[in-house]
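Working through the structure, step by step
If you want the building blocks of each chain, they are given just below.
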Amino acid sequence: MQSRRRPPAATERLAFAEMTADDLDDIAALLGDPGVMRYYPRPKDRAEALDWIRWNEGLYRREGFGLWVIRSRATGEFVGDCGLTPQEVDGVVDVEVGYHVRADLQGRGFATEAAAACRDHARELLGVDRLIAIIHPENIPSQRIAEKIGLRFERTTTSRSGDPVRVYAARLST
Ligand SMILES: CC(C)(COP(=O)(O)OP(=O)(O)OC[C@H]1O[C@@H](n2cnc3c(N)ncnc32)[C@H](O)[C@@H]1OP(=O)(O)O)[C@@H](O)C(=O)NCCC(=O)NCCS
């Protein structure tokens, strides 16, 4: 398990790293932004942002993957997070690709670039067979990213909180 515990390789513009408590200011600002959290029940406060980091640290240890911090390679600036998490939908656990980008840096292709790298990492390093994205029906940017990295709309179902969600999926094995 530990041999495959590494972040995806850097892309043209972005570097990946495991998140730690040192990232708390950046993660709390990202997940505390009502715009970024528009499709979540509510923005996260600082304690919940630390829980988010701890959840991902646990995933790195147990699974060898999680959501990683993404930073600009040119400037080192924090851009957001992107990565892979196990998610249960209708009683089945699959690996989901997820992403959050700072509001002032959206619309530049960062999430698509990072998500494509996570898809390749899932296939090539982790041997993930099926990759999904669980997306709020009104979250069009996220649905575009899923499509652009090769996921296709599969079905609409109900989230654990009882809201409708769209499931996008792809087989990664050839
Ligand atoms: C979803 C999100 C990560 C996209 O990040 P991003 O870096 O702006 O994404 P990209 O620049 O790669 O663009 C992806 C698509 O979204 C579209 N898009 C980006 N910002 C948009 C905006 N403000 N309004 C409408 N469309 C937008 C882009 O046009 C692009 O689609 P296109 O190729 O058809 O033009 C970002 O909006 C975000 O953090 N949202 C809140 C968190 C979230 O919803 N995460 C996903 C949960 S499932």
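These notes cover the structure that comes with them. (Residues numbered from 1 in each chain as written. Predicted model: local features only at pLDDT ≥ 70, side-chain atom pairs only at ≥ 80, totals over all residues. Heavy atoms only, no water.)

**Details of the overall build of the chain**
- Each helix and strand in the chain was counted, giving four helices and seven strands.
- Tracing the chain from N to C terminus, the helices and strands come up as β-α-α-β-β-β-α-β-α-β-β.
- At 15 Å, the chain has a C-alpha radius of gyration in line with the 16 Å of a compact globule built from 174 residues.
- Seen through its principal axes, the chain has C-alpha atoms that stretch 40 × 35 × 30 Å.
- Burial status across the chain gives 47% buried among its 174 residues.
- In the chain, the share of contacts with a sequence separation of at least 24, taken over all contacts with a separation of at least 6, comes to 60%.
- Carbon and sulfur atoms form 48% of the exposed surface of the chain, whose accessible area is close to 8800 Å². (Helix = DSSP H or I, 4+ residues; strand = E, 2+ residues; numbered from the N terminus. Rg over C-alpha atoms; globule rule 2.2 N^0.38 Å. Buried < 20%, exposed > 50% of the residue type's maximum accessible area, 1.4 Å probe, protein only. Contact = heavy atoms within 4.5 Å. Areas by Shrake-Rupley, 256 points an atom, 1.4 Å probe, with all protein chains shown as cover.)

**Quick word on the pattern of salt bridges**
- A full pass over the atoms with the stated rule returns 16 salt bridges.
- A salt bridge links Arg130 to Glu154; its shortest N-O distance comes to 2.8 Å. Within this pair, whereas Arg130 is found in strand β5 (residues 130-135), its partner Glu154 is found in strand β6 (residues 152-158), the two being separated by 24 residues in sequence.
- Of the charged contacts, one joins Arg144 and Glu147 as a salt bridge, the two residues approaching to 3.3 Å between their closest N and O atoms. Taken together, the residues span about one helical turn, with Arg144 and Glu147 both in helix α4 (residues 140-148) at a distance of three residues.
- Look at the salt bridges and you will find they share partners, linking Asp90, Asp94, Arg130, Glu154 and Arg155 into a network. (Salt bridge = Lys/Arg side-chain N within 4 Å of Asp/Glu carboxyl O.)

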